[in-house]
Protein chains: 2
Amino acid sequence: MSTVQEFRETCHRHGLAATHQRQVIFEAVMALHGHPSPEAVFEKVQKKIPSISLATVYKNIRTFLDSGILREVSVHHGSLRVEANHRPHHHFVCTNCKTILDLPEEEFGPVQLRHKLPRGFQVQKFVVDVVGLCPKCSTQRKSFSKENQEKQPC
Amino acid sequence: MSTVQEFRETCHRHGLAATHQRQVIFEAVMALHGHPSPEAVFEKVQKKIPSISLATVYKNIRTFLDSGILREVSVHHGSLRVEANHRPHHHFVCTNCKTILDLPEEEFGPVQLRHKLPRGFQVQKFVVDVVGLCPKCSTQRKSFSKENQEKQPC
DNA sequence: CTAGATGCAAACAGTTTGCGTCACT
DNA sequence: AGTGACGCAAACTGTTTGCATCTAG
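All of these numbers come straight from a predicted model, not from anything done at the bench.

So, how was this worked out
Residues numbered from 1 in each chain as written. Chains lettered and ligands numbered in written order. Predicted model: local features only at pLDDT ≥ 70, side-chain atom pairs only at ≥ 80, totals over all residues. Heavy atoms only, no water. Pairing = 2+ DSSP bridges. Helix = DSSP H or I, 4+ residues; strand = E, 2+ residues; numbered from the N terminus. Axes fitted to C-alpha atoms, helices over the stretch in contact; angles between N-to-C directions. Near = heavy atom within 4 Å. Polar contact = N/O pair within 3.5 Å; in protein donor to acceptor, adjacent residues only side chain to side chain. Nonpolar A, V, L, I, M, F, W, Y, C, P; charged D, E, K, R; others polar. 1 Å grid on protein atoms, 1.4 Å probe; cavity = no way out; pocket = protein on both sides within 12 Å on 5 of 7 lines; lining within 4 Å. Points joined across faces, edges and corners; volume = space filled by probe spheres on them. Domains from an automatic or database assignment. Contact = heavy atoms within 4.5 Å. Buried area = accessible area lost by both parts, 1.4 Å probe. Salt bridge = Lys/Arg side-chain N within 4 Å of Asp/Glu carboxyl O.

Enquirer: What's the story with the sheet that holds strand 4 (residues 100-104) of chain B in this structure? I'm lost.
Expert: The strands that make up a sheet are held in pairs by hydrogen bonds between backbone atoms, and each pair lies either parallel or antiparallel. Here 6 strands make up an open sheet; going across it, the order is 4(A)-3(A)-5(A)-5(B)-3(B)-4(B) and the pairing mixed. Sheet topology places strand 4 (100-104) of chain A together with strand 4 of chain B at the edges, where each strand pairs with a single neighbour. Recorded for the sheet is a direction-independent mean angle of 30 degrees between the axes of neighbouring strands. Pairing between strand 3 (residues 89-94) of chain B and strand 4 of chain B: 5 bridges, direction antiparallel. What sits directly across from Val93(B), in strand 4 of chain B, is Ile100(B).

Shown next, in the form of C-alpha cells:
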C-alpha cells in the first residue's frame, strides 16, 4: 500500500471516495516516523494543501481508524486512568467497554526480546496488555447481531 | 497502605500535608475497582465532601502520580497516536521523550498466560510495550545532573 | 446528479492555572 | 506563623459537530 493507485484501491475497497486530501493525509502518516498525532499530520499536510482544515484531518483519521486503514497505537481509553496497585502486574483490556483488570505478573511466562535492542537503549520494564472481550461483552456479542452492537461501557 | 494512619505516614514520607481531601481522594481511588478516571474519583469524593472542587481532585491526582503514590495505567502520551504498520509488532516507548518505535513481533519470545482467564473472557491479542530510555534521552541522563533533567521531547 | 467530503466556526471534554482564602504542621 | 492546600473561575488543549458548499463517482 504505497503508490497512489494502491491507496485509491484501498479507499474504494472500504467504500470511501479517494479524495486528494485523503491521499495527502495518508502519505503524511506514512512519512511521519510511524506514530504521529493528528496535529503533526495536520502540519505536514498543510505544506501540501495550505487550505486544509484541521477538522478534515480529524474526520479522516477517524474514518481510517474505523475502516482499519490506520491503527491506534494505545489500546487504552483516551482519558487519564489511575491505579494504586503497587504489586507488579499487567492488564486485561476489554475492547468493547474499555474495562481494565489487573493480572498479576506471576500469571505470565517471562517476556523476552530475542535480540538486544540497538546500543543506547535502556529497558526499564515490559508492559503487557491482554486485549479481548470481558465476559459481559462476550455474551452480548453472541446474543445480538453485529448491527445492534453498540460499543459501550458495561 | 490502607488505614488512615498509613496514608498520613505516606504523605509525610513524601513531604505532603495529610489533608482530609487527600485522604478521601485516595480512598476513592482504592474503592473504585482499581482504575478510575479523575472524573469518577471526583464523583465518588463529592459524596463525602460535597464542597470539593474538581480542580483539587486533579491537582492531588497529579501530586500522587508525581510522588509515586499512584500510577498511570497507560504508558502512552495522552493525545491520539496513529500508525499504518500492519505487520504484527510491539512498541518501544521512551519514558522521557515519549518516542514510540516499532519492534517486530518476531523479536519477542511467545507471551503466555500460565493459567486460563476465568470463564467468559476472550483473548484477542497480547500487546507489549517495552518501556525505557531511547539513546538520546539515555545519554542526556548521563551527562546532566538530575535537577537539570527536564522531561521533554527529543 | 447525488451521496458523501470539505472547510469553517462553534461546541465540547478533559485538564491546567491564577489567585484569594484557609488549614496543616 | 508560614507554607502549602483548597475552591472557584477562567484558560487551554485536543477533539467533535453542524451546516453550507463543493466534488468524486
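There's more to say after this.
Enquirer: Would you mind showing me how to read the protein's contact with DNA strand C here?
Expert: Inspection of the region around DNA strand C gives 22 residues, with Thr19(A), Lys59(A), Leu80(A), His12(B) and Tyr58(B) positioned closest. Within 4 Å of the protein, the contacting atoms of DNA strand C are 74% sugar and phosphate, with bases supplying the remainder. The contact in question runs from a phosphate oxygen of DNA strand C to an N or O atom on the side chain of Asn60(A), over 3.0 Å. One of the side-chain N or O atoms of Lys59(B) is found 3.0 Å from a base oxygen in DNA strand C. Residue assignment for the surface near DNA strand C shows that the elements contributing at least two residues are helix 2 (20-31) and helix 4 (54-67) of chain A together with helix 1 (4-13) and helix 4 (54-67) of chain B. The dominant element in the surface near DNA strand C, judged by the number of residues it contributes, is helix 4 of chain B, at 5 residues. When the residues that make up the surface near DNA strand C are grouped by side-chain class, the tally is 9 nonpolar, 8 polar and 5 charged.

Enquirer: Looking at this structure, how should I read the layout of surface pockets?
Expert: Empty space among the atoms becomes apparent when a probe as large as a water molecule is rolled across them. There is about 1000 Å³ of room inside the largest pocket. In terms of lining, the largest pocket is formed by 32 residues, of which the most central are Lys125(A), Arg71(B), Glu72(B), Val75(B) and Thr95(B). A per-element tally of the lining of the largest pocket places strand 5 (residues 122-133) of chain A first, with 4 residues. Within the lining of the largest pocket, the residues separate by chemical class into 10 nonpolar, 11 polar and 11 charged.

Enquirer: Looking at this structure, how should I read the domain arrangement of chain A?
Expert: One frequently used descriptor of interface size is the decrease in accessible area upon assembly of the parts. All names here are of chain A. Partitioning chain A into structural domains gives domain 1 (1-86) and domain 2 (87-154). Spacing between the C-alpha centres of domain 1 and domain 2 amounts to 24 Å. Each side of the interface is counted separately: domain 1 has 7 residues, and domain 2 has 10 residues. Contact with domain 2 buries surface across domain 1, with Val-75, His-76 and Asn-85 losing the most and accounting together for 59% of the total. Applying the counting criterion to the domain 1 and domain 2 interface returns 0 salt bridges. Where domain 1 packs against domain 2, one counts 5 residue pairs in polar contact (both at pLDDT 80 or more).

Enquirer: Honestly, the protein's contact with DNA strand D in this entry has me stumped. Any pointers?
Expert: What surrounds DNA strand D is a group of 22 residues, the closest being His12(A), Tyr58(A), Thr19(B), Gln21(B) and Lys59(B). Backbone atoms, meaning sugar and phosphate, make up 73% of the atoms of DNA strand D lying within 4 Å of the protein. At 3.4 Å from a phosphate oxygen of DNA strand D is found a main-chain nitrogen or oxygen belonging to Ala18(A). The separation between a base oxygen of DNA strand D and a polar side-chain atom of Lys59(B) is 2.7 Å. Those elements that place two or more of their residues in the surface near DNA strand D are helix 1 (4-13) and helix 4 of chain A together with helix 2 (20-31) and helix 4 of chain B. For the surface near DNA strand D, the class distribution of residues is 9 nonpolar, 8 polar and 5 charged.

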